[in-house]
Every structure is written in structure tokens, then in C-alpha cells.
Amino acid sequence: MSSQRLTHILLLLNVTVVSISLWSFLYAAGGSLTQNKVQEELSFAPPDTTTSNLEPVEDDMSPHSAAENSALEVKVQGVASGSSNNASRTKLTSGGVGSTDSNGFYFVQPKEGERNFYQIGLGTGTDKVTAPGRLPECLKDDSSCTRPGCVRPECRPWGHHYDTIYQQRLGPYSRYDTDPFQFLEIGFFNGAGYDTYREFLPNGECHSIEIACIEQGPREEGKWPWGNFAEKNKRYQQYLDEDRLHCGDASDVEYLDKTWRNSMKRPDAPPLKIVVDDGAHLSPHMAQSVFFWFPRIEPRGILIVEDIQPIQEVNAFRTQFLPQLMKDLHYCGDPKQSPDDLCFPTLFPLLASIHCEMHICIFERNDTPSKELSLAESTMPPNALDMSKCKSMLSGHWKTTK
């Protein structure tokens, strides 16, 4: 064999060995990258409440029926993102700001630096996030549901699906590098929701108003006869001492004004940016919260009203108040069009947007500075829960084209 031919054979063997080595390296690297990608996807999946360590505890969320009063709150222990529970979940769909897990629930994942409202809510036991974990079992056995037979399945289990809207709108406030701000909750009850907000909003000066901690006694004497729910919270006295828990009637404009001026509108206080109404779940109280607090919220802050479900106590807020405010949101006052009267002239100049999800709405402030309205201007007007008293809401007022 000539030396030239031998050289060609040796070169060919070298190329073959190098090719095999390179292929092996790329295969291993590709497998590693694929595995890392899967692990990354799984790490963003929400906690699996159906396989977590669930401990039923006494429900203190006090809904409006006997069946709801006997429901159990769920307290989830040891749930953490990236836990072994996530290994059995695969993401089905993604889009917008969230993704849907294998149980069909849509979750909004925290952005970098934000805290996780869903996980915190599970830990505190608030009903704001319990519905996704309860719905699968409820769908298997309708008799186990709090509201069996509802056409909309999400309405059947005990609790709510508020984590998505809270993560979207309050997520930026959950960062440790956000500027200090004030937060107000209306309706402390047993403090599960308040504890959630305190943990979720590390830079928030969090306040709450609760009527059950006023002096106990006959209601006709201005007292409270049904027990002090708030003192069940282990930090009850701490919150009182900090002047963060305020005992009084959140529908009483004079009491609200006193609380605002004495405890919140201090020279050293951060700006009021967030108010959440989760109080009596009565239409007049809910509307009053909007009229008093919305003007006092700083620009681009938000007011949230929960529990706008179709029940007798809330129907007027849902069917009478909301349509009027929605009409005012789109008001222009164009003289060339049909006369358009404002339904709520004290709210319209401050309103930037309305965003609703199931049973919860957010009202966003525009860039107009906050206002100190008089007590009369801060009081719910006669048409608040009766849109027939707003002329521009009457049938036949508008000219339409087919």
C-alpha cells in the first residue's frame, strides 16, 4: 500500500471519530437543555392543591346561608413553588399574562420580584383563592358543592378565584423595592384576608375596618350583638395597638371621615393607593365605599369591590350601580350628540377604567389629584342603587340606528 493512500485512510478515520464524538456531545447537550426547559416550565406551575397536605379548619368566612356557614375553609401547609407536587402537572395552554394547568385552572404567575398571591392566600386560609382547589372534587360529586347545580361550574365550590386579578393588579405593589403606600381593607372579619395582604404587600401600611369589634350589645343601641369575630385572629391585639385595625361601621360616613383624618391622613403617612371592600356584602355598603374612598385614593390607585355575585343582598350594586358608572366612564359631553347626563358627577372626573372578573371589580383612578370632598359629597346619592333616577339611563333617552 502506498504511503499516500495510507495517509488518506488515516485522515478518513480521524474525521469519522470526530463526527461521532461531536454527535454524542450534541445529543447529551440537547437532552440536558430539554430537561432544563421542562423543569423551568414546571417551576412556573401553580401549587397543586389537590395533592397537597390539606388540613380542614373551621370556616370563619360567614357567608349568607346556613349551608355556607357550615362550609370548611382550606388551610394548605407546606405548599411551595417547584415542589414535588408540580412534577405531575403539565401546562396545557398559555397566553396573555397567565397559563392553564392540567386541572383547567387559569393562573397568573408573578413577574420577577413579585410575591405570589395564590400561595400566600393558601397559607393564610383566605377564601379569596380556595375555589380552584375545591372545584375538581365538587365537579365529581355535585352534592359536595357549596352551591350545587349552578350552570357556571366555577360558582359551585366554596371560595373565590380572585388570585388572578390580584396578581395582575397588586403584583407591582408586592415588590420589596416599591415606594411605601397605604392600603385599606373594609371587612377584617377573622383577619385571614388582612393577613394575606400584610404578607403580600411588604411595603404597604395596611389598615382594616371591622364592625364586629365595637362594643358588644343590642344593635339598636349602636352595639354589636353577634360576637367579636376579629379577636379570633392571633394578632388581634397587635393590630389594635398599631392603630391598623379600626373598629366601627364602614357604611357610616362620619365614622369613615374620623378614621381617615385621625389614623390615615397623617403628615407622615404614605399615599393611599389601594382600597378593598370585602365587608358586609350589602349593596348600600358597597356603593358607599366607592363614593367615600374613591376620591381620596391617589392618582392611578385602585378601589376593589369583592363579592359582586348574583345574590339578593348584592344585586342592586351589580345591576343598578355598575351600569351607571360604566356609562359615565365613556362620557364625552359632545354637544352634537344626544344629551348625556352624568349619573355620578363626583366619580366621573376621577375614573380611568373599570376592570371586572367573576364577582370582583376594580375601579382605577386617573391622574387627577385626590380630593377631600365634603361629607355630603362623600355620601351615596339617591340614584346610586336605582338607575331609573339617572335620566340618561331611561329607556328611549338615546337615539339609536339599526
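In the block above lies the structure referred to throughout.
Scope of this entry: the structure provided in the associated data block.

Here is what the cut-offs are and how they apply
Per-chain numbering applies: the sequence of each chain, read as written, is numbered from 1 onward. The model is predicted, so local features are restricted to residues of pLDDT at least 70 and side-chain atom pairs to those at 80 or more, both for listing and for counting; the totals for chains, interfaces and linings are taken over all residues. The basis for every side-chain value is the complete set of heavy atoms in the structure, and neither hydrogens nor water enter the calculation. Numbering of helices and strands runs from the N terminus; a helix is a DSSP stretch of H or I covering at least four residues, while a strand is a stretch of E covering at least two. Three labels apply to residues, based on accessible area from a 1.4 Å probe with only protein chains included: buried if under 20% of the type maximum, exposed if over 50%, partly exposed otherwise in between. Whether two residues are in contact is decided by their heavy atoms, any of which lying within 4.5 Å being enough. Only buried residues count toward a nonpolar core, which is a set of Ala, Val, Leu, Ile, Met, Phe, Trp, Tyr and Cys residues joined through side-chain atoms within 4.5 Å. Cysteine sulfur atoms are paired as a disulfide whenever they fall within 2.5 Å. The salt bridge definition used is simple: a Lys or Arg side-chain nitrogen within 4 Å of an Asp or Glu carboxyl oxygen. Interaxial angles span 0 to 180 degrees and are taken between N-to-C directions of axes, which are lines fitted to C-alpha atoms, for helices over the stretch in contact. Working rule for angles: under 35 degrees goes down as roughly parallel, over 145 as roughly antiparallel, 65 to 115 as roughly perpendicular, anything else as oblique. What makes a crossing left-handed is the near helix being turned counterclockwise from the far one by less than a right angle; a clockwise turn instead makes it right-handed. Three classes are used, and their members are as follows: Ala, Val, Leu, Ile, Met, Phe, Trp, Tyr, Cys and Pro are nonpolar, Asp, Glu, Lys and Arg are charged, and the others, Gly among them, are polar. We call two strands paired when DSSP finds no fewer than two bridges between them. The pairing test for Phe, Tyr and Trp rings, Trp by its six-membered ring, is centres within 6.5 Å, and the orientation test on the planes gives stacked under 30 degrees, edge-to-face over 60, and tilted for anything in between. Should the NZ of a Lys or the CZ of an Arg lie within 6 Å of a ring centre and within 35 degrees of the ring normal, that charge is described as sitting over the ring.

### Considering the overall build of the chain
Logical step 1: Scanning the chain from N- to C-terminus turns up ten helices and twelve strands.
Logical step 2: Out of the 402 residues belonging to the chain, those deemed buried represent 45%.
Logical step 3: Of all intrachain contacts in the chain linking residues separated by at least 6 positions in sequence, the fraction that spans at least 24 positions is 68%.

### Regarding the nonpolar core
Logical step 1: Residues V290, W293, F294, L303, F317, F321 and F363 are the most contacted members of the largest nonpolar core, which totals 37 residues.
Logical step 2: Secondary-structure elements contributing two or more residues to this core are β6 (181-186), α8 (253-264), β9 (272-277), α9 (283-293), β10 (302-306), α10 (315-329), β11 (351-357) and β12 (360-365).
Logical step 3: Other than its neighbours up to four places away in sequence, W293 contacts L184, I186, I209, L256, W260, M264, L272, V275 and L303.
Logical step 4: Within the second largest apolar cluster, 34 residues are counted, among which are L122, Y166, L201 and I304.

### Observations regarding the state of the cysteines
Logical step 1: Tallied over the full model, the rule gives four disulfides.
Logical step 2: The disulfide partner of C138 is C145, and the S-S distance across this bridge is 1.7 Å. As the torsion about the S-S bond is roughly 120°, the C138-C145 disulfide counts as right-handed. Accessibility assignment for this pair places C138 and C145 in one class, buried.
Logical step 3: Disulfide pairing is shown between C213 and C247; the S-S distance is 2.1 Å. Taking the torsion about the S-S bond as the criterion, the C213 to C247 disulfide, at about -110°, is left-handed. Separated by 34 residues along the polypeptide, C213 in the loop between β7 (204-210) and α7 (236-241) and C247 in strand β8 (residues 245-247) bring together distant segments of the chain.
Logical step 4: A relative accessible area of 11% places C213 in the buried class.
Logical step 5: Going through the chain in sequence order and numbering each bonded cysteine, the pairs you get are 1-2, 3-4, 5-8, 6-7.
Logical step 6: With no disulfide of its own, C155 lies 5.3 Å from the sulfur of C150, the closest cysteine sulfur.

### Points about the pattern of salt bridges
Logical step 1: In this structure the tally under the stated criterion is 23 salt bridges.
Logical step 2: Among the ionic pairs, D249 bridges to R219, the shortest N-O distance being 4.0 Å. In this pair, D249 is assigned in the loop between β8 and α8 and R219 in the loop between β7 and α7, connecting sequence segments 30 residues apart.
Logical step 3: The exposure class assigned to D249 is partly exposed, which follows from its relative accessible area of 23%.
Logical step 4: K327 is paired through a salt bridge with D340; the nearest N and O atoms lie 2.9 Å apart. Here the residue K327 occupies a position in helix α10, and D340 occupies one in the loop between α10 and β11, the gap between them amounting to 13 residues. Of the two residues, K327 and D340, neither departs from the other in class, the shared state being buried.
Logical step 5: Linked through salt bridges whose partners overlap, the residues forming this network are D257, R261, K265, R296 and E372.

### A closer look at the packing of α8 against α9
Logical step 1: Contact geometry for α8 and α9: axes closest at 11 Å, N-to-C directions at 45°. Considering their axes alone, α8 and α9 lie oblique with respect to each other. Note that α8 runs across α9; the crossing there is right-handed. Across the interface between the two elements, V253, L256, D257, W260 and M264 of α8 pack against Q288, F292 and W293 of α9.
Logical step 2: By residue class, the composition of the contact of α8 with α9 is six nonpolar, one polar and one charged.

### With respect to the side chain of T259
Logical step 1: Considering the arrangement of structural elements, one finds T259 in helix α8.
Logical step 2: Here T259 falls in the buried class, since its relative accessible area comes to 5%.
Logical step 3: In this structure T259 touches H246 and M264, once residues within four positions along its chain are discounted.

### Section: unusual backbone geometry
Leaving glycine aside, a negative phi is the common case for residues, and trans is the common case for peptide bonds.
Logical step 1: Of note, D307 is a non-glycine position whose phi angle comes to about 60°, a positive value.
Logical step 2: In this structure, H359 takes a positive phi of about 70° despite not being glycine.
Logical step 3: Mapping H359 onto the fold places it in the loop between β11 and β12.
Logical step 4: Here H359 falls in the buried class, since its relative accessible area comes to 17%.

### Describing the pairing of β11
Logical step 1: For β11 and β12, the ladder comprises six bridges, and the chain directions are antiparallel. The residue of β12 that forms the bridge with S353 is E364.
Logical step 2: What sits between the antiparallel neighbours β11 and β12 is a turn of two residues, in which H359 has the positive phi angle 70°.

### With respect to the environment of D127
Logical step 1: The topology assignment puts D127 in the loop between α3 (117-124) and α4 (131-140).
Logical step 2: Residue class for D127 comes out buried when judged on its relative accessible area of 8%.
Logical step 3: Expressed as a C-alpha distance, the spacing of D127 and G159, which sit 32 residues apart in the sequence, is 4.6 Å.

### Side note on the packing of aromatic side chains
Logical step 1: Enumeration over the complete set of coordinates arrives at 22 aromatic pairs.
Logical step 2: Seen from their ring centres, F291 and F321 are 5.9 Å apart, and the 75° between their planes marks the pair as edge-to-face. Of this pair, F291 sits in helix α9 while F321 sits in helix α10, placing them 30 residues apart in sequence. For the pair F291 and F321, a shared accessibility class is recorded, and that class is buried.
Logical step 3: Members of the aromatic cluster, joined through ring pairs, are F117, Y162, Y166, F183, Y197 and F200.
Logical step 4: Above the face of the F294 ring, R365 is positioned so that its terminal group lies 5.9 Å from the ring centre.

Just geometry here; none of it tells us what the structure is for.
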